[in-house]
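Results of the structural survey
Listed below, chain by chain, are the residues.
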Amino acid sequence: MKYLDEFRDPILAKKILAEIHKTVTKPWVIMEICGGQTHSIIRNGIDQVLPKEIELVHGPGCPVCVTPLEIIDKAIAIAGKPNVIFTSFGDMLRVPGSKKDLFMVKSEGGDVRTVYSPLEALTIAKNNPKKEVVFFAVGFETTAPGNAMAIHQAAKEGIANFSELVSHVLVPPAMEALLSSPENRVQGYLAAGHVCTIMGWEEYDPIAEKYQVPIVPTGFEPVDVLEGILLVVKQLEEGRYEVENQYLRSVKREGNQPAQELISKIYKITDRKWRGIGEIPQSGLSIREQYSAYDANLKFSVEDIQTNEPELCISGVILQGLKKPNECPAFGKECTPTTPLGATMVSSEGACAAYYKYQRMGK
Amino acid sequence: MCLAIPGKVTEIYSENGIKMGKIDYSGTINTACLEYLPEIKVGQYTLVHAGFALSILNDDEVKKSLDAWEELGEIINDIDNKS
Ligand code: SF4
């Protein structure tokens, strides 16, 4: 397929890998932010062929993994209400809440539906005027334009029975939070290519400068990831710390401006709690007051939620790149994809699921 | 969650006042919202995520980056052959 096959070419991948081996002289810790990249790295065995000096640590870029337990529990409570059709991307359905997941709500008779696009949820609302249709608006900057469009369109068409339960997260504040932590080990970043497709990369200049880390917006195919690593390693070896774009075919410095405009028309920036990590200031989006009629958080009152995280799960430490999944005592034992304890094992982009699927069992 | 796949725009139309398109992913046709790419034309390639086209893929940039490796690759091969 055009724009994919070229970037999966094993000969080209080998050339870049050879170049990485030639360039590296010292040990470096590089974090790939995005769960899609983590998956590509583990699936293609990139972690196993890199020079031993390079350690890849996996970042928090899996929205499914970082959605706070309170919001999952709230989604479950709303989905269980009569008269509600609860719509969501498929990967949120199996994320464990304190007592159950959305799948269980469905099997208990709740009307929970998987949609491919938020506009599909809007169509469901139009076709079911007597029901309240709620869309679980989770994701990073990549997903925000679509979710913003659904509210914009609902307002334009006067669709009053549609709302969103929003738990949007923003990448740059999380990157900064990790860098400013006293435990930080990250020396260079592969930034998330599709997030940058929307937001551009101007936001990263001050972060690269302040923390003296190279930041490289990177794509998802093996050639992209290897080239991203090469660009970071070159900068590290030369003592440079700049933003350098690997994903040239999709990412422009200014990003997608019409998308940015609609995002900021519908949503505002807010503090947000990340599951396993805690609250990060100004790291999320919530619905602006003018559009509060579409805010499921306000539309549905939910009794006090008592959250309950499994004690064994160390996904928070994993999401900060401080430990690898196979260092978790429950990994592959109490916790497997069929009996997940944490969201990093549920989500197909979660680091624990990737390590399990591709048998990185550790020592 | 941020997965986006490349496809070719084969048709552009309007639905409920929104700019939409038919996208061909190597034979599988699906629809996507094109509202965020006002300048997109039929025949161009785009990255689609959750039903929304996010960017127009830039052929010149692809060619430039692949050509650069093509040249560098020859140098590496030369070194390999000499050693
Ligand atoms: S292996 Fe399971 S229990 Fe351990 S961190 Fe990952 S999700 Fe949590």
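Remember, predicted model here, so these are calculated numbers, not experimental data.

Moving on, we get to the interface of chain A and chain B. Listed as interface residues are 47 residues of chain A and, on the opposing side, 37 residues of chain B. With both sides pooled, the region where chain A packs onto chain B buries about 3700 Å², and carbon together with sulfur makes up 68% of that total. It is Tyr3(A), Lys15(A) and Tyr116(A) in chain A that bury the most area against chain B; as a group they hold 18% of the surface buried on that side. Applying the counting criterion to the chain A and chain B interface returns zero salt bridges. Where chain A packs against chain B, one counts seven residue pairs in polar contact (both at pLDDT 80 or more). Of all the elements in the fold, those that place two or more residues in the side of chain A that touches chain B are α1 (10–23), α4 (63–66), α7 (118–127), β5 (132–139), α8 (144–157), α10 (193–199), α12 (222–238) and α13 (257–266) of chain A.

Here we take up the sheet that holds strand β9 (residues 267–274) of chain A. Strand pairs in the sheet, formed through backbone hydrogen bonds, run parallel or antiparallel to each other. Residues and elements named next belong to chain A. Ordered by their spatial adjacency, six strands build an open sheet running β4-β3-β5-β6-β10-β9, and the pairing between neighbours is mixed. Whereas interior strands pair on both sides, the edge strands pair on one side only; in this sheet they are β4 (111–114) and β9. The mean angle between the axes of side-by-side strands here comes to 25°, regardless of whether they run parallel or antiparallel. The sheet strands contacting α8 are β5, β6 (162–169), β9 and β10 (278–287), and the helix crosses β6 at an angle near 155°.

On to the site of the ligand. Among the 13 residues in the neighbourhood of the ligand, the closest are listed as Cys313(A), Cys328(A), Cys335(A), Thr344(A) and Cys352(A). Judged by the fraction of its atoms near the pocket grid, the ligand is located in the largest cavity.

So, about the nonpolar core. Phe86(A), Tyr204(A), Ile215(A) and Ile229(A) are the most contacted members of the largest nonpolar core, which totals 101 residues. Per-element accounting of this core gives the leading share, nine residues, to α12(A). Each residue touching Phe86(A), except ones within four places of it in the same chain, is listed here: Ala75(A), Ile78(A), Ala79(A), Leu102(A), Asp111(A), Val112(A), Arg113(A), Val134(A), Phe136(A) and Leu165(A). Membership of the second largest hydrophobic core comes to 38 residues, among which are Phe89(A), Ala144(A), Tyr294(A) and Tyr36(B).

This brings us to the sheet that holds strand β8 (residues 215–218) of chain A. All names here are of chain A. Pairing within the open sheet is parallel, and its four strands lie in the order β2-β1-β7-β8. In this open sheet, the two strands that pair with only one neighbour each are β2 (54–61) and β8. Averaged over all pairs of adjacent strands, the angle between strand axes in this sheet comes to 25°, irrespective of strand direction. Where strand β1 (residues 28–34) and strand β7 (residues 188–192) come together, three bridges link them in parallel fashion. For glutamate 32, the partnering residue across the bridge sits in β7 and is leucine 190. The sheet contacts of α12 involve β1, β2, β7 and β8, and relative to β8 the element is tilted by about 170°.

So, on to the packing of aromatic side chains. Counted according to the given criterion, the structure contains seven aromatic pairs over all chains. Residues Phe140(A) and Trp274(A) carry aromatic rings whose centres are separated by 6.0 Å and whose planes lie at 40° to one another, so their mutual orientation is tilted. With Phe140(A) in the loop between β5 and α8 and Trp274(A) in strand β9, this residue pair connects regions lying 134 residues apart in the sequence. Here Trp274(A) falls in the buried class, since its relative accessible area comes to 1%. Over the ring of Tyr45(B) we find Lys2(A), and its NZ or CZ is 5.5 Å from the ring centre. Here the guanidinium or amino end of Arg249(A) rests over the ring plane of Phe7(A), the centre of that ring lying 3.5 Å away.

Quick look at the pattern of salt bridges now. Residues and elements named next belong to chain A. Taken as a whole, this structure holds 20 salt bridges over all chains when the rule is applied. Lysine 299 is the salt-bridge partner of glutamate 132, the closest N and O atoms lying 2.9 Å from each other. Here glutamate 132 is found in strand β5, whereas its partner lysine 299 is found in helix α14 (residues 296–299), with 167 residues between them in sequence. Of the residues examined, glutamate 132 reaches a relative accessible area of 21% and is grouped as partly exposed.

Before going further, it helps to examine the environment of Thr67(A). Residue and element names in this part refer to chain A. Its place among the elements puts threonine 67 in the loop between α4 and α5 (69–79). Threonine 67 has contacts with Ile72, Met92, Phe136, Val138, Ser167 and Arg275, leaving out every residue within four places of it along the chain. A distance of 2.7 Å separates a polar side-chain atom of threonine 67 from the backbone oxygen of proline 63.

A separate point is the environment of Glu176(A). All names here are of chain A. Assignment of secondary structure puts glutamate 176 in helix α9 (residues 171–180). Remark: the alpha-carbon pair of glutamate 176 and lysine 156, spanning 20 residues in sequence, is separated by 37 Å. If near-sequence neighbours (up to four positions away) are discounted, glutamate 176 is found in contact with Ile207, Lys210 and Tyr211.

Now for the state of the cysteines. All names here are of chain A. The full count for this structure, using the stated rule, is one disulfide over all chains. Residue cysteine 62 pairs covalently with cysteine 65 via a disulfide, S to S 2.3 Å. Linking cysteine 62 and cysteine 65, the disulfide has an S-S dihedral of approximately 70° and is accordingly described as right-handed. Pair check on accessibility: cysteine 62 and cysteine 65 agree, each one buried.

Residue and element names in this part refer to chain A. As far as domains go, chain A holds domain 1 (5–61 + 171–238), domain 2 (64–170 + 255–299) and domain 3 (315–357). Between the C-alpha centres of domain 1 and domain 2 there is a distance of 30 Å. Across the boundary between the two partners, domain 1 contributes 14 residues, which contact 18 residues of domain 2. In this assembly, domain 1 packs against domain 2 so that about 1100 Å² is buried in total across both faces, 73% of it on carbon and sulfur atoms. Scanning the region where domain 1 abuts domain 2 turns up zero salt bridges. Those elements giving two or more residues to the side of domain 1 that touches domain 2 turn out to be β2, α9 and α10. Among the elements that make up the side of domain 1 that touches domain 2, the one with the highest residue count is α10 (six residues). Tallied by class, residues from the side of domain 1 that touches domain 2 come to ten nonpolar, four polar and no charged.

The rules behind the values
- Residues numbered from 1 in each chain as written.
- Chains lettered and ligands numbered in written order.
- Predicted model: local features only at pLDDT ≥ 70, side-chain atom pairs only at ≥ 80, totals over all residues.
- Heavy atoms only, no water.
- Contact = heavy atoms within 4.5 Å.
- Buried area = accessible area lost by both parts, 1.4 Å probe.
- Salt bridge = Lys/Arg side-chain N within 4 Å of Asp/Glu carboxyl O.
- Polar contact = N/O pair within 3.5 Å; in protein donor to acceptor, adjacent residues only side chain to side chain.
- Helix = DSSP H or I, 4+ residues; strand = E, 2+ residues; numbered from the N terminus.
- Pairing = 2+ DSSP bridges.
- Axes fitted to C-alpha atoms, helices over the stretch in contact; angles between N-to-C directions.
- Near = heavy atom within 4 Å.
- 1 Å grid on protein atoms, 1.4 Å probe; cavity = no way out; pocket = protein on both sides within 12 Å on 5 of 7 lines; lining within 4 Å.
- Sits in = over half its atoms within 2 Å of the grid points.
- Core = buried A, V, L, I, M, F, W, Y, C linked by side-chain atoms within 4.5 Å.
- Buried < 20%, exposed > 50% of the residue type's maximum accessible area, 1.4 Å probe, protein only.
- Phe/Tyr/Trp six-rings, centres within 6.5 Å; stacked < 30°, edge-to-face > 60°.
- Lys NZ or Arg CZ within 6 Å of the ring centre and 35° of its normal.
- Disulfide = S-S within 2.5 Å.
- Domains from an automatic or database assignment.
- Nonpolar A, V, L, I, M, F, W, Y, C, P; charged D, E, K, R; others polar.

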